[in-house]
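Coordinate analysis (summary)
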Amino acid sequence: MKILVINSGSSSIKYQLINMDNKEVLSAGLVERIGESESYIRHQRFFKDQESRSKEEKLHIKDHRSGLEQVNLLLQDSEVGAITNPDEIEVVGHRVVHGGDMFNAAVNVDDDVKEKIKALIPLAPLHNPANLEGILVAEKVFAKAQQVVVFDTAYHQSMPPHAFRFAIPERFYTEDKLRVYGMHGTSHQYVARQAARYLGNAFSQFNAISIHLGNGCSMTAIKNGKSIDTSMGLSPLPGLMMGTRSGDIDPTVLFYMGTKLQMSFEEIDNVLNKQSGLKGIAGDNDMRHIVERYQNNEADAQLALEMYTYRIKKFIGSYLAILGPLDAIIFTAGVGENSSLVREMACADLEHLGIKVDEKKNNQRSREIQSIAHEDSSIALLVVPTNEELSIAEQAYELANR
Ligand code: ADP
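Keep in mind that this is a model prediction, so the values were computed, not measured. Counting of residues starts from 1 at the beginning of each chain's written sequence and follows it residue by residue. Since the coordinates come from a predicted model, pLDDT governs what is reported: local features require at least 70, and pairs of side-chain atoms require 80 or more to be given and counted, while whole-chain, interface and lining totals use all residues. To get the side-chain values, all heavy atoms of the structure are used, and hydrogens and water are removed first.

A few points about the overall build of the chain
Counting its secondary structure elements, the chain contains 15 helices and 14 strands. The quantity called the radius of gyration is restricted to C-alpha atoms. Its globule counterpart is 2.2 Å times the number of residues to the power 0.38. Over its C-alpha atoms the chain spans a radius of gyration of 21 Å, differing by no more than 12% from the 21 Å that the globule rule assigns to 402 residues. Projected onto its principal axes, the C-alpha positions of the chain cover 60 × 55 × 45 Å. Relative accessibility decides the category of a residue: with a 1.4 Å probe and only protein chains considered, values under 20% of the type maximum give buried, values over 50% give exposed, and everything between is partly exposed. Split into buried and exposed, the 402 residues of the chain put 50% on the buried side. The contact definition used throughout considers only heavy atoms, calling two residues in contact when any of these lie within 4.5 Å. Pairs at least 24 residues apart make up 61% of the contacts formed inside the chain by residues separated by at least 6 positions. Surface exposure of the chain reaches about 19,100 Å², of which carbon and sulfur atoms provide 48%. Charged residues are defined narrowly, with Lys and Arg counted positive, Asp and Glu counted negative, and His plus the chain ends left uncounted. Here the site of a charge means atom NZ of a Lys, CZ of an Arg, CG of an Asp or CD of a Glu. Separation between the mean location of the 42 positive side-chain charges and that of the 53 negative ones in the chain comes to 2 Å. Only DSSP runs of H or I with at least four residues qualify as helices, and only runs of E with at least two residues qualify as strands; both kinds are numbered from the N terminus onward. What sets the accessible areas is the Shrake-Rupley method with a 1.4 Å probe; for residues, cover comes only from the shown protein chains.

A few points about a nonpolar patch on the surface
A grouping of Ile249, Val253, Leu254 and Phe255 is seen on the molecular surface, where their side chains present a nonpolar patch of about 320 Å² in accessible area. Looking at where Phe255 falls in the secondary structure, it is placed in helix α7 (residues 252-259). Each patch is built from residues lacking any salt bridge and having more than 30% relative accessible area; the joining distance is 9 Å for like charges and 5 Å for nonpolar side chains (Val, Leu, Ile, Met, Phe, Trp, Tyr). When a carboxyl oxygen of Asp or Glu lies within 4 Å of a side-chain nitrogen of Lys or Arg, that pair is called a salt bridge.

Regarding the domain arrangement of the chain
The domain boundaries assigned to the chain delineate domain 1 (2-151) and domain 2 (200-388). Residue ranges for the domains trace back to a domain assignment, done automatically or taken from a database. In this structure, domain 1 and domain 2 have C-alpha centres spaced 29 Å apart.

Description of the site of the ligand
Around the ligand, the neighbouring residues are Gly214, Asn215, Gly216, Asn285, Asp286, Met287, Arg288, Ala333, Gly334, Val335, Asn338 and Ser339. In the model, an oxygen atom of the ligand is placed 2.4 Å from a nitrogen or oxygen of the Asp286 side chain. Its free accessible area being 580 Å², the ligand has 69% of it covered by the protein chains. Only α10 (287-295) and α12 (333-338) provide two or more residues apiece to the shell around the ligand. Broken down by element, the residue count for the shell around the ligand peaks at four residues, all from α12. Polar here means any residue other than Ala, Val, Leu, Ile, Met, Phe, Trp, Tyr, Cys and Pro, which are nonpolar, and Asp, Glu, Lys and Arg, which are charged; Gly is therefore polar. Residues belonging to the shell around the ligand are distributed by class as follows: three nonpolar, seven polar and two charged. Nearness here has a simple test: a residue counts as near a molecule or strand if at least one of its heavy atoms is within 4 Å of that partner. Polar contacts, as used here, are pairs of N or O atoms within 3.5 Å; protein pairs need one atom able to donate a hydrogen and one able to accept it. Residues neighboring in sequence count only if both atoms are side-chain atoms.

Examining the side chain of Ser187
With respect to the helices, strands and loops of the structure, Ser187 is situated in helix α6 (residues 185-199). One polar contact links Ser187 to Thr386, side chain to side chain, over a distance of 2.8 Å. Other than its neighbours up to four places away in sequence, Ser187 contacts His212, Thr332, Thr386 and Glu388.

Written out as structure tokens, the structure reads:
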């Protein structure tokens, strides 16, 4: 069975075509700058025993429908195509950011599901409209395929009220649904399952802290295979310091910006979401550059990295307190998988808690799951490559075969 996974953003579509019979990625690509005068498509075709082939195009793509039609053509292209007929795609799996408290698992798309994704737009004004648009155009372009949605928030629906409620008057929860939802659920669940399998533990009894460090960063406390707390909230803004997001911040800073500095909500939003984090402190949100500049003793990069890893360490401490005995700490995503320095700094001086990184193992690179724990570490420390697309495809596959 071939499954097309779609991640539709406000001006972009990312996609992967996966053959679920052997979990092989046949094609992957990206459509960018949809609606601008010059849009861009990059499509890659992968082969098991040959070099991959790719095609890049610059052309005007007026909307998501035209974008997905171009993807459909590339998937059937004589040079870089992987299918001969669009009907070969039996299932399309969509990533949807916000499922609110309405979805705790993947679902088949129907009118009710689309209405609910629409109703959740106030909670995710940037993401849900674009995700919904992706579903609507895929229903037209891949009309014969079963459409499935996988929500970024679903895994965190197991959090108890004392973790997900804000300590504000109840009506804001009951009437406006303001609470912690959490994000990156697909990734946290995927890497935790991989880690449990690697360690030979049953997932239903697996206790772990999962640390997803990409451009967006979040941590999840996992008890008996379920999310019981997570660092993002109503939106992806709170918690850890990120590439361009501030993470947790005293809300009084926002009042000050609004009243004393006369900034608008849009300006404050832009500062906290796009100009803060590593970028705000060291002028750059690419961790590779920050690490390089840290090693050259540049003060702003040193401070940025110290702040970034200090925040991770504080969350490790608080999650250890709520979880009790722990099987593993898992690092994943761009920074978590690649930066030995970040892992080392985040775990430094935690031997008294059973956490000790082995320097040599930590500096070895691998594409597979890797243990970086010192033999004296009582908690397993793992680097687990995330694969959100495969996870979406697996959930869609399971639903389609039910
Ligand atoms: P996204 O949230 O966009 O999916 P990724 O998971 O791809 O993000 O992670 C992007 C981040 O990973 C960037 O900050 C990038 O600098 C960082 N990264 C990638 N490779 C390395 C590396 N070798 N060392 C440090 N950071 C890295």
